[in-house]
Amino acid sequence: MTETIELKQEGELNAAEVVKFFDNVRNENGEKLTQSEKRGHLRFLFVQLYHDKEKNTCELSDGTIVPIVVHRRQEGRASAYYLNTARAPRDAIFKAFAERMGITYRTQKSEAKKIGELIVSDVKHLFDDVKSEDGKKLSGFKKQDRLNGLFRKLYEHPEENICEVAGKKIAIIVERLGVNNRTAFCINGIESRQEVLKAFADWAGCRYCPEKEEPENLQEKQAGELTSRECARIFHKVENRSHEYKKYTSERLAQWFEYIYNNPKLNQVRLPNGSSVEIIVRRQSYAQQCYCLNTSDETVKPFVLKRVAEISKAEICLENLHLKPHSKNALYKSIIAVCKAEQTAKTESDRVYYRTYAQKAYESLSPRSGELTVTEWLQHIASQKSKT
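Keep in mind that what you see is a predicted model, and the values were worked out from it rather than measured.

Cut-offs applied
- Residues numbered from 1 in each chain as written.
- Predicted model: local features only at pLDDT ≥ 70, side-chain atom pairs only at ≥ 80, totals over all residues.
- Heavy atoms only, no water.
- Helix = DSSP H or I, 4+ residues; strand = E, 2+ residues; numbered from the N terminus.
- Buried < 20%, exposed > 50% of the residue type's maximum accessible area, 1.4 Å probe, protein only.
- Contact = heavy atoms within 4.5 Å.
- Areas by Shrake-Rupley, 256 points an atom, 1.4 Å probe, with all protein chains shown as cover.
- Pairing = 2+ DSSP bridges.
- Axes fitted to C-alpha atoms, helices over the stretch in contact; angles between N-to-C directions.
- Expected span 1.5 Å × (residues − 1).
- Arc of directions from axis to C-beta.
- Core = buried A, V, L, I, M, F, W, Y, C linked by side-chain atoms within 4.5 Å.
- Parallel < 35°, antiparallel > 145°, perpendicular 65-115°, else oblique.
- Left-handed = near helix turned anticlockwise from the far one by under 90°.
- Phe/Tyr/Trp six-rings, centres within 6.5 Å; stacked < 30°, edge-to-face > 60°.
- Lys NZ or Arg CZ within 6 Å of the ring centre and 35° of its normal.
- Polar contact = N/O pair within 3.5 Å; in protein donor to acceptor, adjacent residues only side chain to side chain.
- Salt bridge = Lys/Arg side-chain N within 4 Å of Asp/Glu carboxyl O.

Colleague: Explain the overall build of the protein chain to me, and be specific about the residues and the numbers.
Modeller: When its secondary structure is counted, the protein chain shows 12 helices and 22 strands. Residues counted as buried form 41% of the 388 residues belonging to the protein chain. Pairs at least 24 residues apart make up 57% of the contacts formed inside the protein chain by residues separated by at least 6 positions. Counting every atom, the protein chain has about 22,300 Å² of accessible surface; 48% of that belongs to carbon and sulfur.

Laid out in structure tokens, this is it:
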């Protein structure tokens, strides 16, 4: 017998609309899912629960029995599964769904990260003797991954996640929402920073090194300098730097940025005028330190991008590159620089890159002349100069 599918009602929510309210969504291997995989698995759970008629019920406070998941259709779209939040209180449906599927219902969204709250990359250098479960001392990205796991583990044990300072109980690890809208676990360093760091080290069985707390005289991040997260849309097919698989492009780039910065001979790119500049710079951005592309100078940017792509075996997507210089003069100088580089390029792929970059910069420049290409525009400028 064919199922009669009703029209979707206003207030019924699909998986994408409720994903932020649920946590501990895991695949068949027990791995915690995030972003698109998490949404996809929630859709699967919706379907699974809908077809289990015994489980797909929720008793409301007045004794009414209602379904948790409903099957609906919209005009011009394929049918889909929704939480029944039009005919029943949202909180009751969310709670019932989480209980049936063995996941966690978040009653509140994580707070935004505050200045003084520190992610692992901010404090990993302050901890020594960080060891794996089999007692092997870790370093580099293995150490960072281990600390991330320990941050999560401590947060999930509230009775242990406490540091007492002057009679006041302070949470050691807090869960926060970062600028990229992803949750992260942070050391609660807003107050009593050193006591909290030491409390974490004591719990984790590692050593806190306060002597490494001396602040570095780092420059503030400058306009135009790009972090690995900001570069993710520009670089495609970035190779994994280590044997540990990193799913997201920003994570892979972060590995490459740190590697390049810590290899001074590699951290150089030669410009057409014969001078060399750093590819990666270390900066202070709000409460944390980060590695950035040295791209504040528009005349340097195309060569830095190209060199990073060569090192990381990546492809550059110039369509996703946003050129917003402080002045049109800076962009004009950039066009001249890449056009000169094109003339001396040794390979056709290099010539194509410089030519494409020059055209992209020319379109961003938006000159008032009627030329469609950067070549025509430069020829026009040259002819105007020859007349004067």
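This is not the end of the story, as more comes after the structure.
Colleague: With reference to specific residues and values, describe the sheet that holds strand S9 (residues 117-118).
Modeller: Taken in spatial order, the 4 strands of this open sheet run S8-S13-S14-S9, and their pairing is mixed. Edge positions in the open sheet fall to strand S8 (111-112) and S9, since each of these has one partner strand only. As judged from the 2 bridges shared by S8 and strand S13 (residues 173-177), these two strands associate in the parallel manner. Paired with Ala112 across the strands is Leu177, a residue of S13. Those strands touched by helix H6 (residues 193-204) are S9, S13 and strand S14 (183-188), and its axis lies near 110° from that of S14.

Colleague: Could you give me a rundown of the pairing of strand S20 (residues 280-285), with the residues and numbers involved?
Modeller: Along S20, 5 of the 6 residues are buried, which leaves the element largely enclosed by surrounding structure. Examined bridge by bridge, S20 and strand S21 (residues 288-293) share 6 bridges and lie antiparallel to one another. Residue pairing for S21: Arg282 is matched across the bridge by Tyr291.

Colleague: Provide a residue-level description of helix H5 (residues 140-155), including the pertinent values.
Modeller: Compared with an ideal rise of 1.5 Å per residue, which puts 16 residues at 22 Å, H5 spans 23 Å between its outermost C-alpha atoms and is within 8% of the ideal. For H5, every residue scored as buried is listed here: Lys143, Gln144, Leu147, Leu150, Phe151 and Leu154. Along the axis of H5, the buried residues cluster in a sector spanning 125°; they form a single face. Buried-residue contacts for H5 involve S9, helix H4 (120-123), strand S10 (127-128), S13, S14 and H6.

Colleague: So what about the sheet that holds S20? Which residues, and what values?
Modeller: Working definition: the strands of a sheet are paired by backbone hydrogen bonds and lie parallel or antiparallel to each other. Across the sheet, 3 strands lie side by side as S16-S21-S20; this open sheet has antiparallel pairing. Each end of this open sheet is capped by a strand with a single partner; those strands are strand S16 (226-227) and S20. Where helix H8 (residues 249-261) meets the sheet, it contacts S16, S20 and S21, and its direction lies at approximately 115° from that of S20.

Colleague: Let's hear about the nonpolar core: which residues, and what values?
Modeller: Core analysis: the largest hydrophobic core is formed by 42 residues, its most contacted members being Phe235 and Leu293. If you list the elements that add at least two residues to this core, you get H8, S21, helix H9 (301-312), helix H10 (328-344) and helix H11 (348-365). Per element, the largest residue contribution to this core is 7 residues, and it comes from H11. Not counting chain neighbours up to four residues away, the residues in contact with Leu293 comprise Glu225, Leu226, Cys231, Phe235, Phe257, Ile279, Ile280, Val281, Val304, Leu305 and Val308. Ala15, Phe22, Leu60 and Ala96 belong to the second-largest nonpolar core, a separate cluster that totals 28 residues.

Colleague: I'd like a description of the packing of H9 against H11, backed by residues and values.
Modeller: The N-to-C vectors of H9 and H11 enclose an angle of 140°; their axes lie 11 Å apart at closest approach. It follows from the interaxial angle that H9 and H11 lie oblique. Here H9 and H11 pass one another in a crossing that is right-handed. Of H11, the residues touching H9 (which contributes Lys301, Pro302, Phe303, Leu305 and Lys306) are Asp350, Tyr353, Tyr354 and Tyr357.

Colleague: Any details on the packing of aromatic side chains? Residues and values, ideally.
Modeller: Tallied over the entire structure, the rule returns 17 aromatic pairs. Here Tyr353 and Tyr354 contribute two aromatic rings whose centre-to-centre distance is 5.5 Å and whose plane-to-plane angle is 65°, an arrangement assigned as edge-to-face. Using a relative accessible area of 10% as the deciding quantity, one classes Tyr354 as buried. Of the aromatic side chains, those joined through ring pairs into one cluster are Phe21, Phe22, Phe46, Phe94, Phe97 and Tyr105. Sitting over the ring of Tyr50, Lys53 keeps its end group 4.0 Å from the ring centre. Above the plane of the ring of Phe141 lies Lys124, whose end atom (NZ or CZ) is 5.6 Å from the centre.

Colleague: Explain the side chain of Thr85 residue by residue, including any values.
Modeller: Tracing the backbone shows Thr85 in the loop between strand S6 (80-83) and helix H3 (90-101). On the basis of relative accessible area, Thr85 is assigned to the buried category, the value being 11%. Here Gly11 takes part through its backbone oxygen, which lies 2.6 Å from a polar atom of the side chain of Thr85. A distance of 3.5 Å separates the side chain of Thr85 from the backbone nitrogen of Leu13, its partner in a polar contact. Excluding residues within four positions of it along the chain, Thr85 makes contact with Gly11, Glu12, Leu13, Arg90, Ile93 and Phe94.

Colleague: Which residues make up the pattern of salt bridges, and what are the values?
Modeller: In this structure the tally under the stated criterion is 24 salt bridges. Salt-bridge contacts for Lys168 lead to Glu191; the nearest nitrogen and oxygen are separated by 3.2 Å. Here Lys168 is found in strand S12 (residues 168-171), whereas its partner Glu191 is found in the loop between S14 and H6, with 23 residues between them in sequence. Residues joined by salt bridges that share partners form a network here, namely Glu6, Glu12, Arg72 and Arg87.

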